[in-house]
Each structure stands twice: as C-alpha cells, then as structure tokens.
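# Residue-level structural notes
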Amino acid sequence: MNKTSKVEFTVELIRILAAIGIAYAVALITLFAISDDPVYIIKQFILGPFSSVRRIGSIVNLAIPFTFTGLCFCFMYAVNKFNLTGEGIFMFAGCIISLVAIKVGTGVPKPVMLVALLTIGALTGVIISYIPAWLDTKFNANIVVASLMLNSILVFFSIYIMKYAMRDTTIGSLGSLPIPENCKLPSIFGKFRIQAGFFVAIVAVILVAILFYKMVFGYKMRVVGSNPWFAKACGINMTGTIIAAQLIGGALAGVGGTCEILGNYDRYKWVVSTQHGFDGLMVAVLARRNPILVPIAAFLLAYIRIGADVVNSKGDIPIEFITVIQGIVILMVAAEEFMGKFKKKLIYKVAEEELAEKEKKAAEAAGSKEV
Amino acid sequence: MTTLNWIGTFGFSVLRLSTPLIFAGLAAVISKKAGMMNMALEGMMLCAALAGVVFAGKTGNVWIGLIGAVIFGVLTGGVIAFASLSGLTDLYLTCIAVNLAASGGTVFVMYLLTGEKATTSAAIKAFSLPSITIPLINKIPLIGPMISGHNILTYCAFLSIFVVWFFFARTRLGLRMRAVGENPNAASSVGISVKRIGYISFLISGVLCGFGGAFMSMGWVSFFMKNMVNGRGYIGLSACNIADGNPIGAGIAAIFFGFTDATATSLKSQTSFPTEFLEMIPYAATIIAMMIFGMIRINHLKNIEKGK
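Residues numbered from 1 in each chain as written. Chains lettered and ligands numbered in written order. Predicted model: local features only at pLDDT ≥ 70, side-chain atom pairs only at ≥ 80, totals over all residues.

### Some remarks on the overall build of chain A
The helix and strand tally for chain A stands at 14 helices and two strands. In terms of principal-axis extent, the alpha carbons of chain A reach across some 95 × 60 × 40 Å. Classification of the 371 residues of chain A by burial places 49% in the buried group. The contacts in chain A between residues at least 6 apart in sequence include a share of 80% that link residues at least 24 apart. (Helix = DSSP H or I, 4+ residues; strand = E, 2+ residues; numbered from the N terminus. Buried ≥ 20, exposed ≤ 12 C-beta atoms within 10 Å, placed from the backbone. Contact = placed C-beta atoms within 7 Å.)

### Re unusual backbone geometry
Note: most peptide bonds trans; most residues except glycine with negative phi. Located in the positive-phi region is Arg289 of chain A, a residue other than glycine, with phi close to 45°. The topology assignment puts Arg289 of chain A in the loop between helix H11 (276-286) and helix H12 (294-314). According to the C-beta neighbour criterion, Arg289 of chain A is buried, with 23 such atoms within 10 Å. Unlike most non-glycine residues, Asn227 of chain B shows phi in positive territory, near 50°. In this structure, Asn227 of chain B sits in the loop between helix H9 (194-220) and helix H10 (232-242).

### Brief notes about helix H6 (residues 143-165) of chain A
For H6 of chain A, built from 23 residues, the straight-helix expectation of 33 Å at 1.5 Å per residue is met to within 8% by its first-to-last C-alpha distance of 31 Å. With 17 of its 23 residues buried, H6 of chain A lies for the most part within the structure. (Expected span 1.5 Å × (residues − 1).)

### Things to note about the domain arrangement of chain A
Residues and elements named next belong to chain A. Segmenting chain A into domains produces domain 1 (1-35 + 317-371) and domain 2 (54-316). Taken together, the contact between domain 1 and domain 2 spans 12 residues of the former and 12 residues of the latter. Among the elements of the structure, helix H1 (3-34) and helix H13 (321-334) are those that each provide at least two residues to the side of domain 1 that touches domain 2. Looking at which element gives the most residues to the side of domain 1 that touches domain 2, the answer is H13, with six residues. In terms of residue class, the side of domain 1 that touches domain 2 is made up of nine nonpolar, two polar and one charged. (Domains from an automatic or database assignment. Nonpolar A, V, L, I, M, F, W, Y, C, P; charged D, E, K, R; others polar.)

### Considering the interface of chain B and chain A
With 43 residues of chain B at the contact, the number on the chain A side is 38 residues. Of all elements in the fold, only helix H3 (62-86), helix H4 (91-114), H10 and helix H12 (275-306) of chain B reach the threshold of two or more residues within the side of chain B that touches chain A. Tallying contributions element by element places H4 of chain B first for the side of chain B that touches chain A, with 15 residues. For the side of chain B that touches chain A, the per-class residue count stands at 26 nonpolar, 12 polar and five charged.

### Thoughts on helix H6 (residues 152-170) of chain B
Three or four residues apart is the spacing at which side chains of an α-helix point the same way, because the helix has 3.6 residues per turn. Residues and elements named next belong to chain B. For H6, built from 19 residues, the straight-helix expectation of 27 Å at 1.5 Å per residue is met to within 8% by its first-to-last C-alpha distance of 26 Å. Along H6, the helix axis deviates most sharply at Leu159, where the bend reaches about 30°. Considered for burial, the residues of H6 that qualify are Leu153, Thr154, Ala157, Ser160, Ile161, Val164 and Phe167. (Bend = angle between axes of the 7 residues up to and from the residue.)

Below is the structure:
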C-alpha cells in the first residue's frame, strides 16, 4: 500500500465512524427530546442490547440475515446495478423452502434435507435476480423500478402460496403448517440461542471475500463497477460479468432467507416484506462494498436494531425512528463531499512530502556526483 | 343501462386512480429533462401526504393542508438536491435512502402526533379537498359520470400535463433545463448554472409530488395510512421512462397504469379469483410496459444505426 492509498483508507474509516457517530447522536437527541424519561430510555438504548445473554444472542441472530443481504448488495453495488430484488428474494426463498420442507421434509435425513433446502433457496435467488438483470440488459428497463415492482409481485405470490398450498387452518392467524423438526437448523452456543446459520454466514463471508479479492472474476467485477470504459477497452465481457454478479448476489439473499426461516421460525408466516433487503443495502454501503467488513456492519446495525427493540418494548418510542437514522447514515457515508476537503488536504500534504523527499534525494545524488 | 352505469363508474375510477400517477409521472419528467433520475417520488409523496393531513387537521383549513403538503414535498426535494448536487452523493443511493427514511419517518411522526402506528383516521379530524361538479357536462350520459364530480386535484393533474408541456416547450427556464439535461457541459459553457437548474428541477418535482401526496391523503381517502403511496411513485417513474420524458406521453402512460389499477380494484369485488393475483396486476403491467417500450426503442435505435 502506498502512502496515498493509506491516507484514503484512513480517511474512509474516519468518515464512516463519524457518520455513525453523528447518526447515533441524532438518535440520542431524538430520544432525549421525545421521551418522558430520557435518561432511562437512553440507557436502555445503549446498554439494553447487552443486558442479558438472550439479547446478545438475538443481536447475533439478527446480524446473520443482515450479513447475507449485505453480501448480496455488495455484488449489486460492485457492478453499480441497484438490483433491489434482495428484498423480495429473502421473503420468497423463505416461502419456497417452507413449502418444500412441509411437503417432503418428514422422513428425509436431516443433513440431506438441510443441504437440499439451502440449494433450493440459493437457486430461487438466482432465478429471481435474473429477471431484473434480464430486463435491464435486454430491454434497457430501469433496474430499480423493475426490481421493486418484482418485489411487490413476490410479496403477493408468497402470500398466495402460503394461503393455498400450505396454510394451517387450525391456528387463528395466517400461517403455514409447522416446519418439520428434521428441517430446522439447530441452535448453538447453549443459552445464547444462536441459529446454526451463523456458520453458513461465516463460510459465505470467506468465500465471497476470496471471490472478490483473490479471483479473476472478482477483479473483473470491480473494474466493471468502478470504470466501465476501462473494462470495455480491456475486452472484459461487461454484460456477462454484470449479470453473473447479480445472480450470485441473488443466491446469497436466497440462502439468507432460508437460514432465517429454518433457524428462527416454527412456521412460515410473513405477510409483508421483511425489510431485510433494504437493511442489507445499508450494510453494504456502510461496509463500502468490502465483504470482509460486512459482518461488522451487520453486527452494528443489529445492535442498533435490538437497542430500538428494547426501547420500543420498555417505553413510548416507536421502532420506526431507526429507519430515519439508517437513511441519514447511508446519505453521509455515500456523500463524497462529506469530509472531502479534509481528505484532499491530507493527500496533498503526503504528495508534497514525497515530492520534497525525492528532490532532496536527487539533490544529494547530484551532489555526490559532483564530488 | 346497468352496463352503461358500470362503464361510467369504471371510467371515473380510472381517472381517479390515475391522478397520483400523473403527478408522480410529471415530477419524474421534470427531473428527467434536467438529466436526473428522481426515484424518491415515493418518499416525497409520503411526506407530503402526512403533512397535508396534519396541517389540515391542526388548522382546520383544508387549503392550508394542501399548502403544507406542497411545502413538505418541496423540502424533501431540497434534501435530495442538497445531498446529490452539493454533497455529491450517488443519486440512486440518495433516493433509496430518502424513501427508506420517509417510510419509517412518517410512521414515527404519526406516532408522536397521534399515538397510533397504522392510520390517522381516528386521531386527526378528516378533511377532503372539494370535488367539482361540472355543470352541463354532468348531464351527458356515460361521459358525465366519468369526468364530472372529481376531486379538484384530479382536474389539476390533467391541467398540469399541459402546464409542464408548456413549461418545457415555451419558457426560458424550461429550455435551459432541457439544455442541462442534454449536455451539462455545453450548457455551463454558455453560462447556465447546472447546479442551480438541478436544484430548481428537484423543487418543482417536489411541488408536483406535494399535490400527488395531498391527493392520496385528502382526496383518495381522507386520512394518512402507513405506506399509503404503495409503489405509485415508482409506477409514475416508469410512466415517465416509457414516454422518454415527454410530459404528454407520460400522462397517457399514467392513465394506462391507472386503468390497470382500476381493473384490479373492480375485479376484486366481482370475481372469486385469488385476490393476490389481482393485486399483482398494476406491478406486472408496469414491468410488461417497460419491456414493450424498451424493445420498441431498441429496435428504433437499431434501425437508425442501419441508416433506414
């Protein structure tokens, strides 16, 4: 790493921390302003998530789906295509694998079933994410609009499948038949009650990191995203790379939905979009599309979410205020000009120092020759 | 006679459901002509819808509610313009972030004001903008029930199509905006401030979204409901994309989407077909329309390349 990129990295880190800091401060001020008992509420918001073993476990549990959708959006974001199907895929994959588990799950050995369900979830993701990608490349349709429309369609389709193919009529609320025991992911670490999707997530992060930074495809993808003209001039297959990246992203979102259902639910009962996809977008933005940083960002978001959850249950504050905070964070992290002058100044300074050093050396060399 | 009545009611509901889509489509046209893709129509309309209800409820005057809705639409537009033009944030991300913040923020504000999370119908006194019965025309069979008796904003929407057309075709600011959209460098070389034009376009966009939002909460229904815009901003955006930024084309496309929406609504009450599939109709129609018009445009470009 040369000096300039080191400076860039440092400033980037400071920027992200500052953005989170400001957003957190905004959250605290909001809480302070609207709560009847601000000190208690703020204490709950900050320390609440760590107050019991169960809650720490639920932070990790929440961070798992965020990691998957975050990785998904790393791919979409890396090729600069805002394919937002991650949201719909998460829900739809959950629905499809519940259906499969209920229909054929009983009697099949557990490991076989789990591998099969994860594969089906991933395949669902691949197929669904191909639709907006195809609309984009073939018909030049706006990918954001196409994927959001598709998300709405998927929500209704999932509800339809649940209602007409696997509804449990014995329970009062709308829900599927119970998912068979031999399809469920076990919970691990005893009291923490963390779902075993944890391991799947870790494996996914490692694989994606290798794909991003150690394989040719990852490099191609990053070039296509950061400089399409250069990629074209180099003869990289643009369309192929862009579509492949979106398909991998879709697969990850599908696996995320699968793990969520198999790890945390007794039956499928989502009737509205789960918002995990948009949370994943925020995670990817926070992590600056670097898959290694995704789990950290996911954990951070999960911590804030659980904090809001605690506050929601303890006091008079609705959990929705978190989405506002999320919006602020995305805006500030993505804003090039936020601390941009500071960055330029630092880079300029480093460059000047380097130049001075070079001149000094050149002068010395010249001096030694003269002697 | 009953069929005639039914057609009349159906036509009425088409025009009614097209109203927010027309406003959203025109707002998208304004941004598109200035060279930007405004995907935050959804968030802008949501903010405006809530602001309208709250202002009207607090002051007891529906017109102040309308002004409040427009002001909040403009404010949201200003936030986007500031973030993307002054802060150099990626426009796509800005819009997604604003939509996210608006969907949660409106619920949050609603909860703070009323203590409810789903609707304001119980807590805030309902106000609706007046409907207008057109004399003479309302006597004509078939056409009368279709185009008379609409909310004032519906007529405004149809009027705005021509206002926006006039704005781009005949005014100086409209010409400058088009110049910036076509080629920002050329425009700035003759002394047009690209940034300023960008701000203006987002603010005008905000005014139109303000009307759209006001129609949702003070015309379509008379209260604010969680996530009530429900994808209409995006449908409006695709209406604009289909027409390639032409205001009249966008208006026609918006009416077409209004038609699909009305079809879904009217079928829901008449058939035993699973409602889930009927609910999909507007969204599926949007995707299919995008495909068809994308294909036409690509073929057109190919023909030009061939030199036909």
